Amino acid sequence: MSSTISANVDSETATKLKGVASRENRSVSNAVSSAITVFVGLPKGVRDFLLELNAQNDQDTINRLGREMMAAAARVRLEKATADLASEQRFGGPGDASSEIDMMEEATALSRAARRT
């Protein structure tokens with residue numbers, strides 16, 4: 001069941017939101033829904049810190065955190081892809097265990113292929 005929620009934002013935030021929605025080929029409503037879903041799923045300390053950075057207009061720190069989050073997300077994706085490959089046991093037979101580097105190379109190739117589609 002869905003609920004309708006309204007929010008008041010300043011014109012600068014509204015303009016940024018419309019730009020994000022347009023670049024991502026999404027509706028403003030969909031972008032707001034996604035933002036709320038992500039925001040409420042974060043621990044309170046993280047939410048408070050992000051709001052603090054925004055209030056201080058500390059764009060350098062916000063950008064640095066964004067880069068660090070993207071790096072962490074890439075590591076998690078690689079680890080998941082590696083674990084998925086290992087569970088498929090596609091490399092060699094029971095007596096021929098693949099090296100971790102083989103699995104990581106295959107996971108990287110699969111991740112790149114997935115991005116292209």
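Residues numbered from 1 in each chain as written. Predicted model: local features only at pLDDT ≥ 70, side-chain atom pairs only at ≥ 80, totals over all residues. Heavy atoms only, no water.

### Side note on the overall build of the protein
So, point 1. Secondary structure summary: the protein contains 5 helices and 0 strands in total.
So, point 2. The secondary structure elements of the protein, listed N-terminal to C-terminal, are α-α-α-α-α.
So, point 3. A compact globule built from 117 residues would reach a C-alpha radius of gyration of about 13 Å, whereas the protein, at 20 Å, exceeds it by more than 25%.
So, point 4. When the 117 residues of the protein are sorted by exposure, 8% land in the buried category.
So, point 5. Taking all contacts inside the protein whose residues are at least 6 apart in sequence as the whole, residues at least 24 apart take part in 18%.
So, point 6. In the structure as shown, the protein presents an accessible area of about 9600 Å², 55% of it carried by carbon and sulfur atoms.
So, point 7. In the protein, which carries 15 positive and 16 negative side-chain charges, the distance between the mean positions of the two groups comes to 7 Å. (Helix = DSSP H or I, 4+ residues; strand = E, 2+ residues; numbered from the N terminus. Rg over C-alpha atoms; globule rule 2.2 N^0.38 Å. Buried < 20%, exposed > 50% of the residue type's maximum accessible area, 1.4 Å probe, protein only. Contact = heavy atoms within 4.5 Å. Areas by Shrake-Rupley, 256 points an atom, 1.4 Å probe, with all protein chains shown as cover. Lys, Arg positive; Asp, Glu negative; His and termini not counted. Charge placed at Lys NZ, Arg CZ, Asp CG, Glu CD.)

### Quick word on helix H3 (residues 44-55)
So, point 1. Look at H3: 16 Å from first C-alpha to last across 12 residues, which is about the 16 Å you get at 1.5 Å a residue.
So, point 2. Looking one or two places after H3, you find Asn57, whose phi comes out positive at around 55°. (Expected span 1.5 Å × (residues − 1).)

### What to know about the packing of H3 against helix H4 (residues 59-88)
Any two packed helices are characterised by the angle at which their axes cross and by the distance between the axes.
So, point 1. In the contact formed by H3 and H4, the axes pass within 8 Å of each other and the chain directions differ by 140°. With respect to H4, the axis of H3 lies oblique. From H3, Phe49, Leu50, Leu53 and Asn54 reach across to H4, where they touch Thr61, Ile62 and Leu65.
So, point 2. For the contact of H3 with H4, a count of residues per class yields 5 nonpolar, 2 polar and no charged. (Axes fitted to C-alpha atoms, helices over the stretch in contact; angles between N-to-C directions. Parallel < 35°, antiparallel > 145°, perpendicular 65-115°, else oblique. Nonpolar A, V, L, I, M, F, W, Y, C, P; charged D, E, K, R; others polar.)

### Side note on the pattern of salt bridges
So, point 1. This structure, assessed with the given rule, holds 5 salt bridges.
So, point 2. Across the salt bridge formed by Lys16 and Glu12, the nearest N and O atoms sit 3.6 Å from each other. Taken together, the positions of Lys16 and Glu12, both in helix H1 (residues 11-23) and 4 residues apart, correspond to about one turn of that helix.
So, point 3. Measuring nitrogen to oxygen at the nearest pair gives 3.4 Å for the salt bridge that ties Glu68 to Arg64. (Salt bridge = Lys/Arg side-chain N within 4 Å of Asp/Glu carboxyl O.)

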